[in-house]
Amino acid sequence: MLQVGNMKLLKIELKNYRQYNGVQEIEFSTSIEKDITVLVGSNGAGKTNFLNGILWCLYGEEAYLSKYPETEKLPIINSVLLSELKEGEMTECRIKIILGTEQPEYIVERTAHIRKVGQGYRIVDTTFTVNESTDRGWVEVPDPSFVVNNNLLPKKVKDYFFFDGERLDTFFKTGRNDLVKDAVLDVAQIGLIDKAFTHLDASRSELEEYAKQMCPQTTDIVDKIRVHKKSLDTFREEKTTNEGEKRKAIKAIEEMNVVLRDYPIPLIRELQRQRESLEKETKIMQAEINSKTEENKNRILSEAPLLFAQQAISKTLYLIDKEIAEGRHPPPIDDSYIKGLLEKELCICKTQLTKGTLARKEVESLLSTIFPDSKYIADEAKNCRYRLLDFMKQIDNFRLKSIEYENQLTAFNRELETRNLKLREISEKISKHDIQEMEVLESNRNQLDAALKDLEKASTLLDDRIGRLDSLLSELETKLRKELRKEDRAKIYSAGIQFCDGCLNALSMIKDELVDEIRKTIETKTEEYFLNLIWKKKAYANVKIDHDYNISVINAQGMQSLGSLSSGERQILALSFMAALYEVSGFDMPIIIDTPLGRISEEPRENIARCLPTYLKNTQLTLLVTDTEYTENVKQFICDRVGIEYTLEYDEAGTKISNSSMER
Amino acid sequence: MSNIENPKELFLDGTKRKLWDDLVESTISPFLKKDYWEVFILAASVGYYHNLREKLKDKQGTIPYRTIEKNSTALALLEAIAISENSIEIILNKKEICNIAEEYANGGIKFIYDLVFGSGAGSAAKLLESEAIDALNRPV
């Protein structure tokens, strides 16, 4: 297991902290053989507040204060000292802890500056510093909390190393399996796995975001392409059919023409000849109209910018002409001429314009009102004007050409109409001929003609639709290629997400297995220690910690008996649990236990005194005990390991600490 | 000569890039294979005619200014639009002239696009013709 900590408490100094009056200090025992420090004090002497003081100094919190309201507790500042202060007078309470592996390496100091207010006090501010021993001497660290948590004694596990023995049984109250779970997880040191988990999870979320942005729409586009292609195929088929029908109609008409051309009746032959000639002319005329229309369209498209900007052209010409008429652009006299005259100190009328005179100032003022760019504007405006005048001519020309075109179109259409009329007349003459088949033939011919015209219209429409669909398909295909490229990128992101998922699952499994293994080890060790420490040796068979971290104590009859344990038995269970936690954790931290044996009767107390140091060997252990706990028999079992012993003596002035090791 | 520098290029709105591309690339567009600057001049004049001036959201330059400068008709037309909006003094400020033209073209291009691609079969050019004739016949 990773070793973290391995700092020892070397010395503590309490100044005016709660019961502790003045400066009280102790040095902790640090040798390997004698690693136990004992503080003996009666109830109220300050044992628990000694523990609180350490927690306050290191972490800024006093976890074991009584549950009474603040006003009914001892103030943080020694009350005797407080009572001696005058209104508004300042003092301080301070705790300093020196830590190190062998020699002092860190000094952690927390000070509360207090002001007397009425009968009470106010904490004005609190300072917290950590000084580190370096080659350059003692140096204050910039982030003291960080150093305490990461280099010294991590806050999250403090409750398992600095604890009040009498409050330990909270772990085993019903419904508090969360405390057991937290304890197991905290000591399991799975922080690295949790960090890896968090990092992978963040990476996965990022990849998901990127993948969402890719949002390939290929399916949608492919569907659209399919639909449009189908429509295009339909239109093309229709066009093919259409063309086929047209060819049939043309062929049928031609066949009829051949019949009529060679008809035995001269009148019919002549009428047919006229018809064919007229049709030829009509075709030529239609082609001419189409050509003119196309020409007109191109002309309009070419001239369209001028037509749309006609207003601007006209207005601009008006403005330019107005400026010229008003003599502003160009100015009537070139300003360089006037400047030349001024240099000679002469006006154009030969008046003297000496520098500084009123007349000169007036002329200079007039000169400044002429825009400096006036000459350039005039040149540009002149060029612009020529072009705009050209535009107006072009527009006029266009207007004339449009009228000409309209007239031509009207004339052509009239001609066309005349020819169509003649064609209808010829058709009527042929159909009304005496020979009966003529009527049928002509009727069929007219129908074919009409059908052919419809087919040609439909053909034009189909051409346009096919053109539009072609254009649309081309765009969709470009879009599809773009989306497919995105899809390739999306696949990469998807693979990344899968990889993260795999790693997260693996980490989760590793964490679960690791934690479960630790749980089982804690369970085994707790059971071992409990059964060893408990005085009713045959009463209990097992201690279990299940997957949900519920602790159960199984009696010899196989029944759950946690709820029926006495307070002493629960304390033994708690101590066993703590010892087991310590064994599996990788933290090499000092342990401080307040009142470890308080609720335990004589025989098991001796048992604990004998076993606990063994369970916690190679650990700097500090025991805060009452004189009733620290019996001669108990002392006997641990004396070989006790390095230093102190007595906490409380009187009206407060608590004083004295070294009672020499007295032993 | 005026101190104001000529612009290097004229900008189109990137958010409407597709409209421009379609008009010069689509087989059914009357502007197929035309240069962008030619469509630009028409779009500016159509935008002016229909009062469709619109600021560009995403300026992307594709038309070198010298292309416009070489074509005296094009430049004079843009100058006329700008002068009619302001005063004759603007004639020296080609940057401002181009800026005004860009905004009118930005508004006009959508109008032309809808005319070409939104219309029924075969009438894209006819509609444009009709608009142009209306413009011709509107009293000045």
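Computed from a predicted model, the values in this text were never measured in an experiment.

A. Just the overall build of chain B, in detail. Of regular secondary structure, chain B possesses six helices and two strands. Taken from N to C terminus, the helices and strands of chain B fall in the order β-α-α-β-α-α-α-α. Taking all 140 residues of chain B together, the buried fraction comes to 53%. A separation threshold of at least 6 residues defines the contact pool for chain B, and within that pool the share at least 24 residues apart is 73%.

B. Main features of the overall build of chain A. Broken down by element type, chain A carries 15 helices and 16 strands. Counting the 664 residues in chain A, one finds 43% classified as buried. The contacts in chain A between residues at least 6 apart in sequence include a share of 71% that link residues at least 24 apart. Split by element, the accessible area of chain A, about 35800 Å² in all, is 52% carbon and sulfur.

C. Just the interface of chain A and chain B, in detail. At the interface, 42 residues of chain A touch 46 residues of chain B. With both sides pooled, the region where chain A packs onto chain B buries about 3800 Å², and carbon together with sulfur makes up 71% of that total. Contact with chain B buries area across many residues of chain A, yet A:Phe308, A:Glu380 and A:Arg468 alone supply 20% of it, more than any other trio. B:Glu79 is the partner of A:Arg387 in a salt bridge, and the nearest nitrogen-oxygen pair spans 3.3 Å. Taken together, the connections running from chain A to chain B amount to nine residue pairs in polar contact (both at pLDDT 80 or more). The leading source of residues in the side of chain A that touches chain B is helix H11 (residues 374-431) of chain A, at 12 residues. Looking at the side of chain A that touches chain B residue by residue, the classes come out as 22 nonpolar, nine polar and 11 charged.

D. Region of the structure containing helix H3 (residues 144-152) of chain A. Within the span of H3(A), buried status applies to A:Pro144, A:Val147, A:Val148 and A:Leu152. Along the long axis of H3(A), the arc covered by the buried residues comes to 100 degrees, so they all point the same way.

E. Layout of the side chain of A:Asn242. Residue and element names in this part refer to chain A. Position of Asn 242 among the secondary structure elements: in helix H6 (residues 218-261). At a separation of 3.4 Å, a polar atom in the side chain of Asn 242 contacts the main-chain carbonyl oxygen of Leu 455. Asn 242 has contacts with Leu 455, Ala 458, Ser 459 and Leu 462, leaving out every residue within four places of it along the chain.

F. Summary view of a positive patch on the surface. All names here are of chain A. On the surface, a cluster of positive charge is made up of Lys 479, Arg 481, Lys 482, Arg 485 and Arg 489. Within the secondary structure, Arg 489 is located in helix H12 (residues 436-533). The class of Arg 489 is partly exposed, set by a relative accessible area of 43%.

G. Main features of the pairing of strand S10 (residues 540-545) of chain A. All names here are of chain A. Summarising the sheet, S10 and strand S11 (residues 551-555) pair through five bridges and their orientation is antiparallel. Of the residues in S11, the one forming a bridge with Asn 542 is Ile 554. Counting the residues in the hairpin turn of S10 and S11 gives five residues, including Tyr 549, whose phi is positive at 70 degrees.

H. Structural view of the sheet that holds strand S8 (residues 137-140) of chain A. All names here are of chain A. In space, the six strands of this open sheet follow the order S3-S2-S5-S6-S7-S8, with antiparallel pairing throughout. Both outer strands of the open sheet, strand S3 (23-27) and S8, are each paired with one neighbouring strand and no more. Neighbouring strand axes in the sheet, compared pairwise and without regard to direction, differ in orientation by 20 degrees on average. Two strands pair when backbone bridges link them, and strand S2 (residues 8-15) and strand S5 (residues 90-100) are joined in this way by seven bridges, in the antiparallel orientation. Paired with Ile 12 across the bridge in S5 is Ile 97. Against the sheet, helix H1 (residues 47-59) contacts S2, S3, S5, strand S6 (106-117) and strand S7 (120-134), and its axis sits at roughly 105 degrees relative to S6. Packed on one face of the sheet, H3 meets S5, S6 and S7 and runs near 55 degrees to S7.

I. Structural detail: the nonpolar core. A:Phe50 and A:Ile522 are the most contacted members of the largest nonpolar core, which totals 112 residues. With 11 residues, the single largest contributor to this core is helix H13 (residues 567-584) of chain A. Leave out the neighbours within four places in its chain, and A:Phe50 touches A:Ile12, A:Leu14, A:Tyr20, A:Ile26, A:Phe28, A:Leu39 and A:Leu624. Core analysis: the second largest hydrophobic core is formed by 66 residues, B:Leu42, B:Ala76, B:Cys98 and B:Tyr104 among them.

J. Quick look at the packing of aromatic side chains. Across all of its chains, the model carries seven aromatic pairs over all chains by this definition. Ring centres of A:Tyr17 and A:Trp56 lie 6.0 Å apart, and the angle between their planes is 20 degrees; this geometry places the pair in the stacked category. Of the two residues, A:Tyr17 is situated in the loop between S2 and S3 and A:Trp56 in helix H1; the sequence distance between them amounts to 39 residues. Take A:Tyr17: its relative accessible area is 0%, and that puts it in the buried class. The positively charged end of A:Arg299 is found above the aromatic ring belonging to A:Phe398, 4.3 Å away from the centroid. A cation over a ring is seen here: B:Arg53 above B:Tyr104, with NZ or CZ 5.7 Å from the ring centre.

K. Structural detail: the confidence of the model for chain B. All names here are of chain B. Residues with a pLDDT of 70 or more make up 92% of chain B, whose mean pLDDT is 86. The weakest mean pLDDT in chain B belongs to helix H6 (residues 124-137) at 78; the strongest belongs to helix H2 (residues 36-49) at 94. Taken over the whole predicted complex, pTM reads 0.50, whereas the ipTM for its chain interfaces reads 0.93.

L. Spotlight on the side chain of A:Glu606. All names here are of chain A. Considering the arrangement of structural elements, one finds Glu 606 in helix H14 (residues 602-615). Despite its burial, Glu 606 pairs with no opposite charge; the closest candidate is Arg 610, at 6.1 Å N-O. Aside from chain neighbours lying at most four places away, what touches Glu 606 is Asn 633 and Phe 637.

M. Seen up close, the packing of helix H4 (residues 177-188) of chain A against H13(A). Residue and element names in this part refer to chain A. Between H4 and H13, the shortest axis-to-axis distance is 9 Å and the interhelical angle comes to 25 degrees. One finds that H4 runs roughly parallel with respect to H13. The two elements H4 and H13 meet at a crossing, and its hand is right-handed. Touching Val 180, Ala 183, Val 184 and Val 187 of H4 are Phe 577, Leu 581 and Val 584, all from H13. Within the contact of H4 with H13, the residues separate by chemical class into seven nonpolar, no polar and no charged.

N. Structural view of the environment of A:Gln620. Residues and elements named next belong to chain A. Relative to the helices and strands, Gln 620 is located in the loop between H14 and strand S14 (621-625). Separated by 613 residues in sequence, Gln 620 and Met 7 place their C-alpha atoms 9.4 Å apart. If we skip the residues at most four places from it in the chain, Gln 620 touches Lys 8, Leu 9, Phe 28, Ser 29, Thr 30, Asp 35, Pro 590 and Ile 591. Here Leu 9 takes part through its backbone oxygen, which lies 2.7 Å from a polar atom of the side chain of Gln 620. Only 3.2 Å separates the side chain of Gln 620 from the backbone oxygen of Ser 29, close enough to count as a polar contact.

O. Spotlight on the packing of H12(A) against H13(A). All names here are of chain A. At a minimum axis separation of 8 Å, H12 and H13 run at an interaxial angle of 135 degrees. Here H12 lies oblique to H13, going by the angle between them. In the packing of H12 onto H13, the handedness of the crossing is right-handed. Between H12 and H13, the contacting residues are Ile 518, Thr 521, Ile 522, Lys 525, Thr 526, Tyr 529, Phe 530 and Leu 533 on the first element and Glu 569, Ile 572, Leu 573, Ser 576, Phe 577, Ala 579, Ala 580, Leu 581, Glu 583 and Val 584 on the second. Considering only residue class, the contact of H12 with H13 consists of 12 nonpolar, three polar and three charged.

P. A look at helix H1 (residues 17-25) of chain B. All of the buried residues along H1(B) are B:Leu19, B:Trp20, B:Asp21, B:Asp22, B:Leu23 and B:Val24. Check the buried side of H1(B) and you find it contacts H12 of chain A together with strand S1 (9-13), H2 and helix H5 (94-117) of chain B.

Q. Here's a closer look at the pattern of salt bridges. Residue and element names in this part refer to chain A. According to the stated counting rule, one finds 50 salt bridges over all chains in the structure shown. A salt bridge links Glu 243 to Lys 246; its shortest N-O distance comes to 3.5 Å. Residue Glu 243 and its partner Lys 246 are located together in helix H6, separated by three residues, close to a single helical turn. Note on Lys 246: relative accessible area 13%, which makes it buried. A salt bridge links Lys 520 to Asp 516; the shortest N-O distance between them is 3.5 Å. One end of the pair is Lys 520 and the other is Asp 516, both in helix H12 and four residues apart, which spans about a single turn.

Cut-off values and rules
Residues numbered from 1 in each chain as written. Chains lettered and ligands numbered in written order. Predicted model: local features only at pLDDT ≥ 70, side-chain atom pairs only at ≥ 80, totals over all residues. Heavy atoms only, no water. Helix = DSSP H or I, 4+ residues; strand = E, 2+ residues; numbered from the N terminus. Buried < 20%, exposed > 50% of the residue type's maximum accessible area, 1.4 Å probe, protein only. Contact = heavy atoms within 4.5 Å. Areas by Shrake-Rupley, 256 points an atom, 1.4 Å probe, with all protein chains shown as cover. Buried area = accessible area lost by both parts, 1.4 Å probe. Salt bridge = Lys/Arg side-chain N within 4 Å of Asp/Glu carboxyl O. Polar contact = N/O pair within 3.5 Å; in protein donor to acceptor, adjacent residues only side chain to side chain. Nonpolar A, V, L, I, M, F, W, Y, C, P; charged D, E, K, R; others polar. Arc of directions from axis to C-beta. Patch = residues over 30% accessible without salt bridge, like charges linked within 9 Å, V, L, I, M, F, W, Y side chains within 5 Å. Lys, Arg positive; Asp, Glu negative; His and termini not counted. Charge placed at Lys NZ, Arg CZ, Asp CG, Glu CD. Pairing = 2+ DSSP bridges. Axes fitted to C-alpha atoms, helices over the stretch in contact; angles between N-to-C directions. Core = buried A, V, L, I, M, F, W, Y, C linked by side-chain atoms within 4.5 Å. Phe/Tyr/Trp six-rings, centres within 6.5 Å; stacked < 30°, edge-to-face > 60°. Lys NZ or Arg CZ within 6 Å of the ring centre and 35° of its normal. pLDDT = per-residue confidence, 0-100. Parallel < 35°, antiparallel > 145°, perpendicular 65-115°, else oblique. Left-handed = near helix turned anticlockwise from the far one by under 90°.

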